[in-house]
Amino acid sequence: MAETTTHTRELSRTETAAYLRRIADELDSDAETVRVPVGNKSVRLSPPDRLAGEVTVIERSRRLRRDVELLELAFEWTPSKRARNRGEDG
């Protein structure tokens, strides 16, 4: 079963940097799981030591409406075996 948690809100550049920094600090820690804040909750994830990452940038120039730029960061992995095993043990 797949579970998706989504939250959309507008942030200042400073708030966006702080949010990304918080996730980066979680990933950089020695913890087996990382907490990612999504809206009013935190999602616990179990990334391994290496992740597959993708960066996509789209720049759309429109004649009648304003220009739009999009930055997507995506990371995908199979949950860490040690965190998965720890969850099974207790």
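Just so it is clear, the model here is predicted, and its values are computed rather than measured. (Residues numbered from 1 in each chain as written. Predicted model: local features only at pLDDT ≥ 70, side-chain atom pairs only at ≥ 80, totals over all residues. Heavy atoms only, no water.)

(A) View of the overall build of the protein chain. The secondary structure content of the protein chain amounts to 2 helices and 4 strands. Element order for the protein chain, N to C, with α for helix and β for strand: α-β-β-β-β-α. In the protein chain, which comprises 90 residues, the proportion classed as buried is 10%. At a minimum sequence separation of 6, the contacts of the protein chain that also span at least 24 residues come to 35%. Carbon together with sulfur atoms contributes 46% to the accessible area of the protein chain, which is approximately 8,400 Å² in total. (Helix = DSSP H or I, 4+ residues; strand = E, 2+ residues; numbered from the N terminus. Buried < 20%, exposed > 50% of the residue type's maximum accessible area, 1.4 Å probe, protein only. Contact = heavy atoms within 4.5 Å. Areas by Shrake-Rupley, 256 points an atom, 1.4 Å probe, with all protein chains shown as cover.)

(B) Structural context of the environment of K81. Relative to the assigned elements, K81 resides in helix 2 (residues 81-89). Spatially, the C-alpha atom of K81 lies 7.7 Å from that of P48, the residues being 33 residues apart in sequence.

(C) Seen up close, the side chain of S80. Along the chain, the position of S80 falls in the loop between strand 4 (68-76) and helix 2. Not counting the four nearest positions on each side in its chain, S80 is found in contact with S46, P47 and P48.

(D) Here's a closer look at the pairing of strand 2 (residues 41-45). With 5 bridges connecting them, strand 1 (residues 34-38) and strand 2 associate as antiparallel partners. If you follow V36 over to strand 2, its bridge partner there is V43. The antiparallel pairing of strand 1 with strand 2 creates a hairpin that spans 2 residues between the two strands, and G39 there sits at a positive phi of about 65 degrees. (Pairing = 2+ DSSP bridges.)

(E) Geometry of the environment of P48. By the secondary structure assignment, P48 is in the loop between strand 2 and strand 3 (52-60). Classification of P48 by relative accessible area gives partly exposed; the value is 27%. If near-sequence neighbours (up to four positions away) are discounted, P48 is found in contact with W77, T78 and S80.

(F) Representation of a nonpolar patch on the surface in the model. A surface patch of nonpolar side chains, amounting to about 760 Å² of accessible area, comprises L20, L27, L51, V55, V57, L71, L73 and F75. Looking at the nonpolar patch, the elements with two or more residues in it are helix 1 (13-28), strand 3 and strand 4. Per-element accounting of the nonpolar patch gives the leading share, 3 residues, to strand 4. Topologically, F75 is positioned in strand 4. (Patch = residues over 30% accessible without salt bridge, like charges linked within 9 Å, V, L, I, M, F, W, Y side chains within 5 Å. Salt bridge = Lys/Arg side-chain N within 4 Å of Asp/Glu carboxyl O.)

(G) Molecular detail of the confidence of the model for the protein chain. Taken residue by residue, the protein chain gives an average pLDDT of 89. The fraction at 70 or more is 89%. Of all secondary-structure elements in the protein chain, the lowest mean pLDDT belongs to helix 2, at 55, while helix 1 reaches the highest, 97. (pLDDT = per-residue confidence, 0-100.)

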